[in-house]
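This is what each chain is made of:
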Amino acid sequence: MKKIYLFLALCLGLLAGCKPADPLAFPIEKAITPEFMPLHGLTDPFRVEIKHPYLIVQNSEKLKDSLFHIYDLRDNELKCAFGRIGQGPKEYVMPWLLNNHLSEFVIENNHNSFQKFSISKDGQATMKEKVTPAFQMALSEAQFIHDSLFVVSPAFYGIPYMLKCDVKNEEPLKAYAYRDTTLINYADDPDRVDNMFANQERIVLCYAYKKQIDFLDTDFNLIKRVKFDDYTPVYGVKNPNDRKPSYVQGYLGKHYLYVIFMGCTYDELLARDEKGAFIEVFDLEGNPIARYEMQGMRPSFIAVDEENFILYGTGWKGEPEDHLLMYKLEGLK
(Lines give C-alpha, C1' and ligand atoms only; values in the text may rest on other atoms or scores of the structure.)
Protein backbone atom coordinates (compact mmCIF):
# COMPACT_ATOMS: atom_id res chain seq x y z
CA MET A 1 0.00 0.00 0.00
CA LYS A 2 2.85 2.36 0.85
CA LYS A 3 4.32 1.82 -2.64
CA ILE A 4 0.95 2.71 -4.21
CA TYR A 5 0.83 6.02 -2.29
CA LEU A 6 4.38 6.81 -3.35
CA PHE A 7 3.49 6.02 -6.97
CA LEU A 8 0.41 8.26 -6.85
CA ALA A 9 2.40 11.10 -5.27
CA LEU A 10 5.01 10.79 -8.01
CA CYS A 11 2.33 10.91 -10.71
CA LEU A 12 0.71 13.98 -9.19
CA GLY A 13 4.11 15.69 -9.01
CA LEU A 14 4.76 14.92 -12.67
CA LEU A 15 1.32 16.23 -13.67
CA ALA A 16 1.94 19.44 -11.75
CA GLY A 17 5.30 19.83 -13.47
CA CYS A 18 3.67 19.35 -16.88
CA LYS A 19 1.07 22.04 -16.28
CA PRO A 20 1.23 24.41 -19.27
CA ALA A 21 2.59 27.87 -18.62
CA ASP A 22 0.19 30.80 -18.59
CA PRO A 23 0.21 32.07 -22.19
CA LEU A 24 -0.26 35.64 -20.93
CA ALA A 25 2.50 35.54 -18.33
CA PHE A 26 5.45 37.88 -18.90
CA PRO A 27 8.81 36.03 -18.80
CA ILE A 28 10.49 39.23 -17.54
CA GLU A 29 8.97 41.21 -14.66
CA LYS A 30 11.00 44.01 -13.11
CA ALA A 31 10.65 47.31 -11.30
CA ILE A 32 12.62 50.09 -13.01
CA THR A 33 13.56 53.58 -11.91
CA PRO A 34 14.03 56.54 -14.22
CA GLU A 35 17.21 58.30 -15.18
CA PHE A 36 17.23 61.73 -16.78
CA MET A 37 18.68 62.92 -20.08
CA PRO A 38 19.62 66.63 -19.93
CA LEU A 39 18.40 68.88 -22.72
CA HIS A 40 20.11 72.04 -23.93
CA GLY A 41 18.88 75.58 -24.45
CA LEU A 42 15.23 76.57 -24.07
CA THR A 43 13.10 73.44 -24.02
CA ASP A 44 9.56 72.32 -23.33
CA PRO A 45 9.65 68.72 -24.62
CA PHE A 46 6.38 67.42 -25.99
CA ARG A 47 7.08 64.46 -28.30
CA VAL A 48 10.10 62.27 -29.09
CA GLU A 49 11.28 60.03 -31.91
CA ILE A 50 14.46 58.01 -32.48
CA LYS A 51 16.45 57.42 -35.66
CA HIS A 52 19.49 55.78 -34.14
CA PRO A 53 21.92 57.20 -33.15
CA TYR A 54 19.82 60.37 -33.13
CA LEU A 55 16.91 61.41 -30.96
CA ILE A 56 14.46 64.06 -32.13
CA VAL A 57 12.56 66.19 -29.61
CA GLN A 58 9.53 68.28 -30.46
CA ASN A 59 9.07 71.20 -28.09
CA SER A 60 5.65 72.65 -27.41
CA GLU A 61 4.45 75.67 -29.37
CA LYS A 62 4.98 77.86 -26.32
CA LEU A 63 8.57 78.33 -27.53
CA LYS A 64 7.55 79.60 -31.00
CA ASP A 65 11.13 78.97 -32.22
CA SER A 66 13.57 76.04 -32.23
CA LEU A 67 10.64 73.65 -32.13
CA PHE A 68 12.71 70.60 -33.04
CA HIS A 69 15.99 69.52 -31.44
CA ILE A 70 18.23 66.69 -32.64
CA TYR A 71 20.51 64.98 -30.10
CA ASP A 72 23.28 62.46 -30.65
CA LEU A 73 22.59 59.60 -28.23
CA ARG A 74 26.29 58.67 -28.17
CA ASP A 75 27.13 61.78 -26.15
CA ASN A 76 23.70 63.44 -25.58
CA GLU A 77 24.91 66.55 -27.42
CA LEU A 78 22.51 68.87 -29.21
CA LYS A 79 23.38 68.82 -32.91
CA CYS A 80 20.60 70.79 -34.56
CA ALA A 81 17.64 73.03 -33.71
CA PHE A 82 15.10 74.24 -36.24
CA GLY A 83 11.45 75.09 -36.82
CA ARG A 84 9.39 78.18 -36.08
CA ILE A 85 5.68 78.80 -35.59
CA GLY A 86 4.27 81.06 -38.30
CA GLN A 87 2.56 81.31 -41.67
CA GLY A 88 5.69 81.50 -43.83
CA PRO A 89 6.79 78.84 -46.35
CA LYS A 90 9.34 77.34 -43.93
CA GLU A 91 7.29 77.85 -40.78
CA TYR A 92 4.87 75.56 -38.97
CA VAL A 93 1.20 75.65 -38.08
CA MET A 94 0.27 72.96 -35.52
CA PRO A 95 3.24 70.62 -36.23
CA TRP A 96 3.23 67.03 -35.00
CA LEU A 97 6.24 64.72 -34.89
CA LEU A 98 5.16 61.26 -36.04
CA ASN A 99 6.55 57.94 -34.82
CA ASN A 100 7.37 55.60 -37.69
CA HIS A 101 9.75 52.88 -38.86
CA LEU A 102 10.95 54.77 -41.96
CA SER A 103 14.59 55.80 -42.25
CA GLU A 104 13.47 59.46 -42.23
CA PHE A 105 11.67 61.25 -39.43
CA VAL A 106 8.33 62.76 -40.38
CA ILE A 107 6.59 65.95 -39.28
CA GLU A 108 2.89 66.38 -40.01
CA ASN A 109 2.06 70.07 -40.45
CA ASN A 110 -1.24 71.93 -40.31
CA HIS A 111 -3.24 68.68 -40.59
CA ASN A 112 -2.59 68.50 -44.33
CA SER A 113 0.98 67.52 -45.21
CA PHE A 114 3.94 65.31 -44.32
CA GLN A 115 7.53 66.56 -44.30
CA LYS A 116 10.21 63.86 -44.43
CA PHE A 117 13.68 64.64 -43.07
CA SER A 118 17.00 62.85 -43.26
CA ILE A 119 19.76 63.37 -40.69
CA SER A 120 23.34 63.80 -41.86
CA LYS A 121 26.38 62.24 -40.18
CA ASP A 122 26.95 65.45 -38.24
CA GLY A 123 23.35 65.51 -36.97
CA GLN A 124 21.87 68.13 -39.30
CA ALA A 125 18.27 67.78 -40.53
CA THR A 126 17.47 68.15 -44.23
CA MET A 127 13.93 68.05 -45.61
CA LYS A 128 13.93 65.46 -48.41
CA GLU A 129 10.28 65.56 -49.39
CA LYS A 130 7.00 67.30 -48.68
CA VAL A 131 3.88 65.27 -49.40
CA THR A 132 0.31 66.53 -49.36
CA PRO A 133 -1.91 63.42 -49.31
CA ALA A 134 -5.08 63.42 -51.36
CA PHE A 135 -6.81 61.93 -48.31
CA GLN A 136 -7.16 64.69 -45.72
CA MET A 137 -8.36 63.37 -42.37
CA ALA A 138 -6.68 62.51 -39.05
CA LEU A 139 -3.20 62.84 -40.57
CA SER A 140 -1.64 63.50 -37.17
CA GLU A 141 -2.64 59.91 -36.34
CA ALA A 142 -0.97 58.49 -39.46
CA GLN A 143 1.17 55.37 -39.17
CA PHE A 144 3.24 54.48 -42.23
CA ILE A 145 3.38 50.99 -43.71
CA HIS A 146 5.80 52.17 -46.39
CA ASP A 147 6.71 55.47 -48.05
CA SER A 148 3.30 56.13 -49.61
CA LEU A 149 0.97 53.76 -47.75
CA PHE A 150 -0.32 54.66 -44.30
CA VAL A 151 -3.16 53.90 -41.90
CA VAL A 152 -5.23 56.31 -39.83
CA SER A 153 -7.91 55.90 -37.18
CA PRO A 154 -10.21 58.96 -37.31
CA ALA A 155 -11.98 58.01 -34.07
CA PHE A 156 -12.41 61.57 -32.85
CA TYR A 157 -14.39 62.30 -36.02
CA GLY A 158 -16.86 59.62 -34.92
CA ILE A 159 -15.67 57.15 -37.55
CA PRO A 160 -15.51 53.58 -36.16
CA TYR A 161 -13.07 52.35 -38.81
CA MET A 162 -9.35 52.09 -39.27
CA LEU A 163 -8.50 53.21 -42.79
CA LYS A 164 -5.66 52.23 -45.10
CA CYS A 165 -4.72 55.07 -47.44
CA ASP A 166 -2.33 55.88 -50.25
CA VAL A 167 -1.02 59.43 -50.56
CA LYS A 168 -2.35 59.68 -54.15
CA ASN A 169 -5.94 58.59 -53.47
CA GLU A 170 -8.73 60.71 -52.04
CA GLU A 171 -10.67 57.65 -50.86
CA PRO A 172 -9.29 55.02 -48.50
CA LEU A 173 -8.12 51.78 -50.08
CA LYS A 174 -9.60 49.66 -47.31
CA ALA A 175 -11.55 50.02 -44.07
CA TYR A 176 -11.58 47.88 -40.93
CA ALA A 177 -14.38 48.18 -38.35
CA TYR A 178 -12.79 47.54 -34.97
CA ARG A 179 -15.84 48.59 -32.89
CA ASP A 180 -19.63 48.71 -33.09
CA THR A 181 -20.45 50.98 -36.04
CA THR A 182 -23.86 51.87 -34.56
CA LEU A 183 -22.43 53.47 -31.39
CA ILE A 184 -22.09 57.23 -31.75
CA ASN A 185 -20.63 58.10 -28.34
CA TYR A 186 -16.97 57.25 -28.83
CA ALA A 187 -15.96 58.39 -25.33
CA ASP A 188 -18.09 55.71 -23.65
CA ASP A 189 -17.52 52.92 -26.17
CA PRO A 190 -16.02 49.86 -24.42
CA ASP A 191 -14.19 49.09 -27.69
CA ARG A 192 -12.60 52.51 -27.89
CA VAL A 193 -9.07 52.52 -29.38
CA ASP A 194 -6.88 55.54 -28.73
CA ASN A 195 -3.57 54.03 -29.86
CA MET A 196 -2.95 52.41 -33.22
CA PHE A 197 0.51 51.54 -34.52
CA ALA A 198 1.88 50.20 -37.79
CA ASN A 199 5.07 49.23 -39.55
CA GLN A 200 5.87 47.27 -42.72
CA GLU A 201 4.69 44.00 -41.10
CA ARG A 202 2.05 44.76 -38.50
CA ILE A 203 -0.86 46.95 -37.51
CA VAL A 204 -1.62 46.98 -33.80
CA LEU A 205 -4.71 48.24 -31.96
CA CYS A 206 -4.45 48.94 -28.23
CA TYR A 207 -7.81 49.32 -26.52
CA ALA A 208 -8.43 52.26 -24.23
CA TYR A 209 -10.63 50.56 -21.62
CA LYS A 210 -10.32 46.82 -22.15
CA LYS A 211 -6.99 45.13 -21.49
CA GLN A 212 -6.80 43.94 -25.07
CA ILE A 213 -4.38 44.32 -27.98
CA ASP A 214 -5.06 43.17 -31.55
CA PHE A 215 -2.16 42.26 -33.84
CA LEU A 216 -3.05 42.37 -37.55
CA ASP A 217 -1.14 42.09 -40.79
CA THR A 218 -1.12 45.07 -43.13
CA ASP A 219 -4.26 43.80 -44.91
CA PHE A 220 -6.24 43.92 -41.65
CA ASN A 221 -6.22 40.16 -41.09
CA LEU A 222 -6.19 39.36 -37.39
CA ILE A 223 -3.05 37.46 -36.37
CA LYS A 224 -3.54 37.38 -32.62
CA ARG A 225 -5.80 38.94 -30.02
CA VAL A 226 -4.16 39.38 -26.62
CA LYS A 227 -6.89 39.68 -24.02
CA PHE A 228 -6.55 39.69 -20.24
CA ASP A 229 -9.95 38.48 -19.02
CA ASP A 230 -9.20 39.15 -15.35
CA TYR A 231 -9.19 42.93 -15.94
CA THR A 232 -12.41 44.88 -15.27
CA PRO A 233 -12.70 48.07 -17.35
CA VAL A 234 -14.46 51.18 -16.05
CA TYR A 235 -16.07 53.48 -18.62
CA GLY A 236 -19.37 55.26 -19.24
CA VAL A 237 -19.28 57.18 -15.95
CA LYS A 238 -20.28 60.84 -15.66
CA ASN A 239 -16.94 62.10 -14.37
CA PRO A 240 -14.17 61.39 -16.91
CA ASN A 241 -11.65 61.19 -14.07
CA ASP A 242 -13.53 58.16 -12.74
CA ARG A 243 -12.87 56.16 -15.91
CA LYS A 244 -10.12 53.56 -15.69
CA PRO A 245 -7.97 53.66 -18.84
CA SER A 246 -5.91 50.62 -19.73
CA TYR A 247 -3.46 51.28 -22.60
CA VAL A 248 -2.69 54.99 -22.81
CA GLN A 249 0.46 55.35 -24.95
CA GLY A 250 2.93 53.22 -26.86
CA TYR A 251 5.58 52.75 -29.52
CA LEU A 252 6.02 50.11 -32.21
CA GLY A 253 9.64 49.30 -32.98
CA LYS A 254 11.17 46.86 -35.44
CA HIS A 255 11.39 44.15 -32.77
CA TYR A 256 8.76 44.83 -30.14
CA LEU A 257 5.61 46.71 -29.20
CA TYR A 258 5.97 48.87 -26.07
CA VAL A 259 2.75 50.01 -24.39
CA ILE A 260 2.05 51.92 -21.20
CA PHE A 261 -0.66 50.31 -19.11
CA MET A 262 -2.32 52.48 -16.49
CA GLY A 263 -5.08 50.32 -15.01
CA CYS A 264 -6.37 52.95 -12.57
CA THR A 265 -8.33 56.20 -12.66
CA TYR A 266 -6.60 59.49 -13.40
CA ASP A 267 -7.35 60.69 -9.89
CA GLU A 268 -5.63 57.63 -8.47
CA LEU A 269 -2.59 58.19 -10.67
CA LEU A 270 -2.40 61.89 -9.80
CA ALA A 271 -2.46 60.95 -6.13
CA ARG A 272 0.70 58.95 -6.85
CA ASP A 273 2.34 61.85 -8.76
CA GLU A 274 1.93 59.97 -12.07
CA LYS A 275 3.99 57.07 -10.69
CA GLY A 276 3.36 53.35 -10.74
CA ALA A 277 2.19 52.69 -14.30
CA PHE A 278 3.56 49.73 -16.27
CA ILE A 279 5.45 49.27 -19.53
CA GLU A 280 4.37 46.06 -21.24
CA VAL A 281 6.42 44.61 -24.09
CA PHE A 282 5.15 42.17 -26.75
CA ASP A 283 6.84 40.68 -29.80
CA LEU A 284 5.27 41.23 -33.22
CA GLU A 285 3.40 37.92 -32.98
CA GLY A 286 1.61 39.13 -29.85
CA ASN A 287 3.59 37.10 -27.31
CA PRO A 288 4.19 38.76 -23.90
CA ILE A 289 7.90 39.45 -23.37
CA ALA A 290 8.36 41.80 -20.42
CA ARG A 291 6.45 43.89 -17.89
CA TYR A 292 8.12 46.75 -16.05
CA GLU A 293 6.68 48.69 -13.15
CA MET A 294 7.84 52.29 -13.40
CA GLN A 295 8.99 53.54 -10.02
CA GLY A 296 9.07 57.06 -11.39
CA MET A 297 6.81 59.28 -13.47
CA ARG A 298 4.69 57.90 -16.29
CA PRO A 299 5.86 59.44 -19.60
CA SER A 300 3.31 61.26 -21.73
CA PHE A 301 4.90 60.35 -25.11
CA ILE A 302 7.61 57.76 -25.72
CA ALA A 303 10.12 56.36 -28.20
CA VAL A 304 12.45 53.40 -27.73
CA ASP A 305 16.09 53.06 -28.77
CA GLU A 306 16.12 49.39 -29.80
CA GLU A 307 19.89 49.36 -30.15
CA ASN A 308 20.22 49.74 -26.37
CA PHE A 309 16.62 49.14 -25.24
CA ILE A 310 16.21 52.47 -23.53
CA LEU A 311 12.81 54.13 -23.45
CA TYR A 312 12.83 57.93 -23.71
CA GLY A 313 9.77 59.91 -22.74
CA THR A 314 8.49 63.39 -22.10
CA GLY A 315 7.13 64.22 -18.67
CA TRP A 316 3.98 65.94 -17.51
CA LYS A 317 3.34 69.64 -16.81
CA GLY A 318 6.93 70.60 -17.60
CA GLU A 319 8.48 68.04 -15.26
CA PRO A 320 11.24 67.03 -15.19
CA GLU A 321 12.30 70.50 -16.33
CA ASP A 322 14.84 70.56 -19.20
CA HIS A 323 15.19 66.76 -19.16
CA LEU A 324 13.74 63.65 -20.75
CA LEU A 325 12.78 60.59 -18.76
CA MET A 326 14.90 57.49 -19.46
CA TYR A 327 13.92 53.94 -18.51
CA LYS A 328 16.36 51.09 -19.21
CA LEU A 329 14.34 48.03 -20.27
CA GLU A 330 16.53 45.40 -18.66
CA GLY A 331 16.52 41.88 -20.05
CA LEU A 332 15.49 42.67 -23.64
CA LYS A 333 17.67 41.60 -26.52
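Check the entry above for the structure.
For the structure given in this document, a descriptive report is provided here.

### Comments concerning the pattern of salt bridges
Under the defined criterion, the tally for this structure stands at 16 salt bridges. Between R202 and E285 there is a salt bridge, and its shortest N-O distance comes to 2.6 Å. Here E285 lies in the loop between β21 (278-283) and β22 (288-294) and R202 lies in the loop between β15 (193-198) and β16 (203-207), a separation of 83 residues in the sequence. Using a relative accessible area of 10% as the deciding quantity, one classes R202 as buried.

### Quick notes on the packing of aromatic side chains
The full count for this structure, using the stated rule, is 20 aromatic pairs. Arranged with centres 6.3 Å apart and planes meeting at 10 degrees, the rings of F26 and F228 form a pair that is stacked. A residue pair is termed long-range when its members are at least 10 positions apart, and F26 in the loop between α1 (2-17) and β1 (28-32) and F228 in the loop between β18 (222-227) and β19 (247-252) qualify at 202 residues. The residues F26 and F228 share a single accessibility class, namely buried. Pairing Y256 with F309 gives two aromatic rings, centres 6.0 Å apart and planes at 55 degrees, and the pair type is tilted. Of this pair, Y256 sits in strand β20 (residues 256-261) while F309 sits in the loop between β23 (301-305) and β24 (310-314); the two residues are 53 residues apart in sequence, bridging distant segments of the chain. Judged on exposure class, the residue Y256 and its partner F309 are both buried. Put simply, the rings of F68, F82, Y92, F105 and F117 touch in pairs and so form one group of aromatic residues. Stacked on the ring of F220, the Lys or Arg K164 has its end atom at 5.7 Å from the ring centre. One Lys or Arg, R291, reaches over the ring of F278 and ends 3.8 Å from the middle of that ring.

Each value, and the rule that gives it
Residues numbered from 1 in each chain as written. Predicted model: local features only at pLDDT ≥ 70, side-chain atom pairs only at ≥ 80, totals over all residues. Heavy atoms only, no water. Salt bridge = Lys/Arg side-chain N within 4 Å of Asp/Glu carboxyl O. Helix = DSSP H or I, 4+ residues; strand = E, 2+ residues; numbered from the N terminus. Buried < 20%, exposed > 50% of the residue type's maximum accessible area, 1.4 Å probe, protein only. Phe/Tyr/Trp six-rings, centres within 6.5 Å; stacked < 30°, edge-to-face > 60°. Lys NZ or Arg CZ within 6 Å of the ring centre and 35° of its normal.

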